[in-house]
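Report on the structure
Here is how the chains run, residue by residue.
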Amino acid sequence: MKNIAKSQPEAQARPFILVIEGIDFSGKTTLAHHIQGTLLNQGYRVKLLHDPKGSKNAQVIWETILAVQEMGANPTTEFFLFLAARNELIHQEALVDDVHVIVFDRFIFSTIAYQLTDKPQSWEPFLSTHRFFSGLMPDLCIYCDLDFNTFQLRNQARSKQDLFDQMSKNRFKAIQLAYEKALQLHVCPFLRVHHLEQDDFLELMKNITDRISNQSSHV
Ligand SMILES: Nc1ncnc2c1ncn2[C@@H]1O[C@H](COP(=O)(O)OP(=O)(O)OP(=O)(O)O)[C@@H](O)[C@H]1O
Ligand SMILES: Cc1cn([C@H]2C[C@H](O)[C@@H](COP(=O)(O)O)O2)c(=O)[nH]c1=O
């Protein structure tokens, strides 16, 4: 990726929380690494965290999620385990370093889309609980859009799969719909990306860095 500028970013009172969301194989991790690399090149201190696997304890909880899922756990149990994993991730990794930007590869919208899919009445209570216990709310969400055919092609090309990756078209559509509705809750602004090309990426980066500078000039 092109090195745009190397001026020193302004000091910030708190990190900018950038969340990358989307269904499995939508390109979140690829995009997150490009964004991290570009921001680092511009002199930002950046931390990239993968929810739910991005800290030692979170990884243990993720393995528990997979194990109990295999045994047919109650969906609410799965919900609480994802919250537990995120709590560990936040406390072990997110709140410990002095950084300008934290990029989360998945965050609270994933829980709405996957665990609370058909329970829109539970979304606000969940968000309030998250806000109360962690205080870490997204400043911007980048939503990676994907069609079902591409999902299937990318899924088939994968060597390693877990139960979350094996979903029917109906389940895929339900998760997407939940994402779309959750993004309308005004938790934070969001940008939608779909098959990102180089030019679109440069524009996206400009948008992101403008928002980061804007936040630091308002603290
Ligand atoms: N813009 C793109 N164009 C074409 N292929 C892409 C693009 N972005 C990602 N891919 C490919 O799609 C696959 C999934 O990408 P990636 O791992 O980044 O997605 P993800 O959303 O993080 O997936 P998961 O949710 O399973 O972790 C990879 O094989 C990657 O190379
Ligand atoms: C954070 C979070 C994740 N999930 C699911 C979604 C994915 O299938 C896996 C995580 O693996 P990936 O490599 O990021 O695709 O976990 C979930 O169901 N709920 C959540 O809150």
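Going by an unreviewed UniProt entry, the protein carries the name Thymidylate kinase and comes from Candidatus Cardinium hertigii. Checking UniProt for the protein, the heading Sequence similarities (unreviewed entry) contains the comment "Belongs to the thymidylate kinase family."

Another aspect to go through is the confidence of the model for the protein. Averaged over the protein, the pLDDT score is 93; the fraction of residues at 70 or greater is 95%. We note a pTM of 0.94 for the whole complex and an ipTM of 0.98 for its interfaces.

The next thing to look at is helix α6 (residues 148-157). Turning to α6, its buried residues number three or more, namely Phe148, Thr150, Phe151 and Asn155. One side of α6 carries all its buried residues, which in axial view fall inside an arc of 160 degrees. Counted as exposed and oriented over 90 degrees from the buried face of α6: Asn149, Leu153, Gln156 and Ala157. Looking at the buried residues of α6, the elements they touch are α7 (169-183).

Our next topic: the site of ligand 2. Close contacts around ligand 2 come from 14 residues, with Asp24, His50, Arg106, Thr111 and Gln115 the closest. At a separation of 3.0 Å, an oxygen atom of ligand 2 approaches a polar side-chain atom of Lys53. The side chain of Gln115 places a nitrogen or oxygen atom 2.7 Å from a nitrogen atom of ligand 2. Expressed as a share of its isolated accessible area of 470 Å², the protein-covered part of ligand 2 is 92%. Elements represented by at least two residues in the shell around ligand 2 include exactly α3 (75-94) and α4 (108-114). Considering each element in turn, the shell around ligand 2 owes the most residues, three residues, to α4.

What follows is about the UniProt feature "domain: Thymidylate kinase-like" (unreviewed entry) in the protein. As recorded in UniProt, the feature "domain: Thymidylate kinase-like" (unreviewed entry) lies at residues 20-183. In this annotation, residues 20-183 is assigned 57% helix and 11% strand; the end-to-end C-alpha distance for the span is 12 Å.

In this section: unusual backbone geometry. A cis geometry characterises the amide bond from Asp51 onward to Pro52, with omega recorded as 20 degrees. In this structure, Pro52 sits in the loop between β2 (46-50) and α2 (56-70). You will see that His186, though not glycine, has its phi angle at about 60 degrees, which is positive. Checked against the element boundaries, His186 lands in the loop between α7 and β5 (190-193).

About the cut-offs
Residues numbered from 1 in each chain as written. Chains lettered and ligands numbered in written order. Predicted model: local features only at pLDDT ≥ 70, side-chain atom pairs only at ≥ 80, totals over all residues. Heavy atoms only, no water. UniProt positions renumbered as here; feature names shortened; annotations may be inferred. pLDDT = per-residue confidence, 0-100. Buried < 20%, exposed > 50% of the residue type's maximum accessible area, 1.4 Å probe, protein only. Helix = DSSP H or I, 4+ residues; strand = E, 2+ residues; numbered from the N terminus. Arc of directions from axis to C-beta. Contact = heavy atoms within 4.5 Å. Near = heavy atom within 4 Å. Polar contact = N/O pair within 3.5 Å; in protein donor to acceptor, adjacent residues only side chain to side chain. Areas by Shrake-Rupley, 256 points an atom, 1.4 Å probe, with all protein chains shown as cover.

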